[in-house]
Amino acid sequence: MISASFSSSPLISGRNWNLGSSSRLCVRIGAFPVRELGMSVPCKRKFGSRRSIRASADHDDPLLVQAARGKRVSRPPAWMMRQAGRYMAVYRKLAEKHPSFRERSETTDLIVEISLQPWQAFRPDGVIIFSDILTPLPAFGVPFDIEEVRGPVIHAPIRTEDGLKALHPIDLEKLNFVGESLGILREEVGKDAAVLGFVGAPWTIATYIVEGGTTRTYTVIKRMCHTAPHLLKALLSHLTEAITEYIVFQVKAGAHCLQIFDSWGGQLPPSMWETWSKPYIKQILDVVKEKCPGTPIVLYINGNGGLLERMKDTGVDVIGLDWTVDMADGRKRLGSGISVQGNVDPAFLFSPLSTVTEEIQRVVKSAGPRGHILNLGHGVLVGTPEEAVGHFFEVTRSLNFNTLFPDRPIEVPTLVA
């Protein structure tokens, strides 16, 4: 059951969510068939022809989904990476009561509560599930801990053929808390925001599994590229299959949109990224596009200035730009045929609010009037003033493409009751 702390929530009160470990949560979207969590059938079979459903319901999709697909919208939608977290006083208070990050990110009622905290406070256009890219690892044979100082720790890193034997197909039943949370979030925000799921890219997940945790040098896995390429390819192939299934699972559960974080892809030279990351991301996209057509996929790489054109070749719908890439240059390099996301420097949120406003307007004008999701160029920094985050979203809601681009008026269809 949802904990008592939810009883006073204006978004949750009055609901009786049964979240037992053996339960199945069904979510009905209008008159369409329900989504039943824990099932392994592909999205396409579950919904029949989802492409035809989406074609008839585009006008009902959240603003973020429409922008991700390159549809004409009146303003850019906005959300923030790490928009739920330690910068919020309400989160810090909850974390004092539940000090374990694993507990907070693997318990349905806590996931929902934390995910909705920024939604209740700021009303972003996207609500991303509170989770971690390492969350699915135990479900396919890689246990991990999170230590206070070291962060994520994998006590048995995979660096040999014997290590590969510990891997097995992903057991999605062990991730029901993710599916249940996405279903509840979909119900709670309705059409007012998009629910976002996310995964780590195979290369990025492999860095943790091979290095045994976080690293600043990536020397072990980079050496493996040359000394044991067959071993690394086997690991990446297994991760690709698991991550693909995990994405489909999240879409079935209620995610409107998925973001792939290749957080450490930018640590590779472009030629090595072409070999050790791009093919596996493309494999994921090929399957997801077939099983879940119409679901926008965002690809974000930290330090991606040298990879933009290569990222486009993966087949993603949206490319997230980090703050070191000039938005106008990024848009010029990528063209208008793909949507972009970003890319305000997170440090701007420590500046005067007038400066934040100016930077938002600069980024939006640089991105153009179509196919842009406003975001930061990285996650919200610890210590960021909540007032600045609220201002970010207020400014975004006040924008209008017809005002910003008077020479390129945007015609948004008017719905007739």
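Further up the page is the structure itself.
What counts and how
Numbering of residues starts from 1 in every chain and runs along the sequence as written. In keeping with the model being predicted, local features are shown solely for residues with a pLDDT of at least 70 and side-chain atom pairs are shown and tallied solely at 80 or more, while totals for entire chains, interfaces and linings include all residues. Water and hydrogen atoms play no part in the side-chain values, which are based on all heavy atoms of the structure. Ring pairs shown here join Phe, Tyr and Trp side chains whose ring centres sit within 6.5 Å, with only the six-membered ring taken for Trp; geometry is labelled stacked below 30 degrees between planes, edge-to-face above 60, and tilted in between. In this text, helices come from DSSP runs of H or I with a minimum length of four residues, and strands from runs of E with a minimum of two, each type numbered from the N-terminal end. Relative accessibility under 20% of the residue-type maximum defines a buried residue, over 50% an exposed one, and the middle range a partly exposed one, all with a 1.4 Å probe and only protein chains included. Throughout this description, the term charge over a ring refers to an Arg CZ or Lys NZ atom that lies within 6 Å of the ring centre and within 35 degrees of the ring normal. Buried Ala, Val, Leu, Ile, Met, Phe, Trp, Tyr and Cys residues form a nonpolar core when they are joined through side-chain atoms within 4.5 Å. Neither His nor the chain termini are counted; the positive set is Lys and Arg, and the negative set is Asp and Glu. By definition here, a salt bridge exists when the distance from a side-chain nitrogen of Lys or Arg to a carboxyl oxygen of Asp or Glu is within 4 Å. Two strands qualify as a pair provided that DSSP identifies no fewer than 2 bridges between them. Only the stretch in contact is used when a helix axis is fitted, and all axes are lines through C-alpha atoms; the angle between N-to-C directions ranges over 0 to 180 degrees. Should an angle lie under 35 degrees it is considered roughly parallel, over 145 roughly antiparallel, and from 65 to 115 roughly perpendicular; all remaining angles are considered oblique. Two helices cross in a left-handed way if the nearer one is turned anticlockwise from the farther one by less than a right angle. They cross in a right-handed way if the turn is clockwise. Should any heavy atoms of two residues lie within 4.5 Å, those residues are considered in contact. Gly counts as polar in this scheme, as do all residues outside two lists: the nonpolar Ala, Val, Leu, Ile, Met, Phe, Trp, Tyr, Cys and Pro, and the charged Asp, Glu, Lys and Arg.

A. Layout of the packing of aromatic side chains. Taken as a whole and assessed by the stated rule, the structure comprises nine aromatic pairs. Relative to Trp264, the ring of Tyr218 lies with its centre 6.0 Å away and its plane at 45°, an arrangement referred to as tilted. One end of the pair, Tyr218, is in the loop between helix H9 (202-211) and helix H10 (219-227); the other, Trp264, is in the loop between strand E7 (257-261) and helix H12 (270-276), with 46 residues separating them in the sequence. On the accessibility criterion, Tyr218 (4% relative accessible area) is buried. Assessed through its relative accessible area of 23%, Trp264 is described here as partly exposed. With centroids separated by 6.0 Å and ring planes inclined at 50°, the aromatic side chains of Phe401 and Phe405 adopt a geometry described as tilted. This pair shows no difference in class: Phe401 is buried, exactly as Phe405 is. Taken together, Tyr91, Phe101 and Phe130 form an aromatic cluster joined through their ring pairs. Against the face of Phe144 rests Arg102, its NZ or CZ located 4.1 Å from the ring centre.

B. Spatial organisation of the nonpolar core. By size, the foremost hydrophobic cluster in this structure holds 129 residues, and its most contacted members are Leu137, Ile209, Leu232, Leu235, Ile247, Ile260 and Phe392. At 13 residues, helix H11 (residues 229-253) tops the list of elements feeding residues into this core.

C. Structural context of the side chain of Arg331. Position of Arg331 relative to the elements: it lies in helix H15 (residues 327-334). Although Arg331 lies buried, it forms no salt bridge, and the closest oppositely charged side chain, Asp326, sits 11 Å away as judged by the N-O distance.

D. Representation of the pairing of strand E8 (residues 297-300) in the model. Of the two faces of E8, the one holding Ile297 and Leu299 and the one holding Val298 and Tyr300 are both buried throughout. Sheet topology places E7 next to E8; four bridges connect them, and they run parallel. The residue of E8 that forms the bridge with Leu258 is Ile297. Where E8 lies against strand E9 (residues 318-320), three bridges are found, and the strand directions are parallel. Bridge assignment links Tyr300 to a residue of E9, and that residue is Gly320.

E. The arrangement of the packing of H9 against H11 in detail. In contact at an axis separation of 9 Å, H9 and H11 are set at 120° when each is read in the N-to-C sense. Regarding the angle of H9 to H11, the classification is oblique. Like other packed secondary-structure pairs, H9 and H11 cross with a definite hand, here right-handed. On H11, the residues that touch Pro202, Trp203, Ile205, Ala206, Ile209 and Val210 of H9 are Leu232, Leu235, Leu236, Leu239, Thr240 and Ile243. Classifying every residue of the contact of H9 with H11 by side-chain character gives 11 nonpolar, one polar and no charged.

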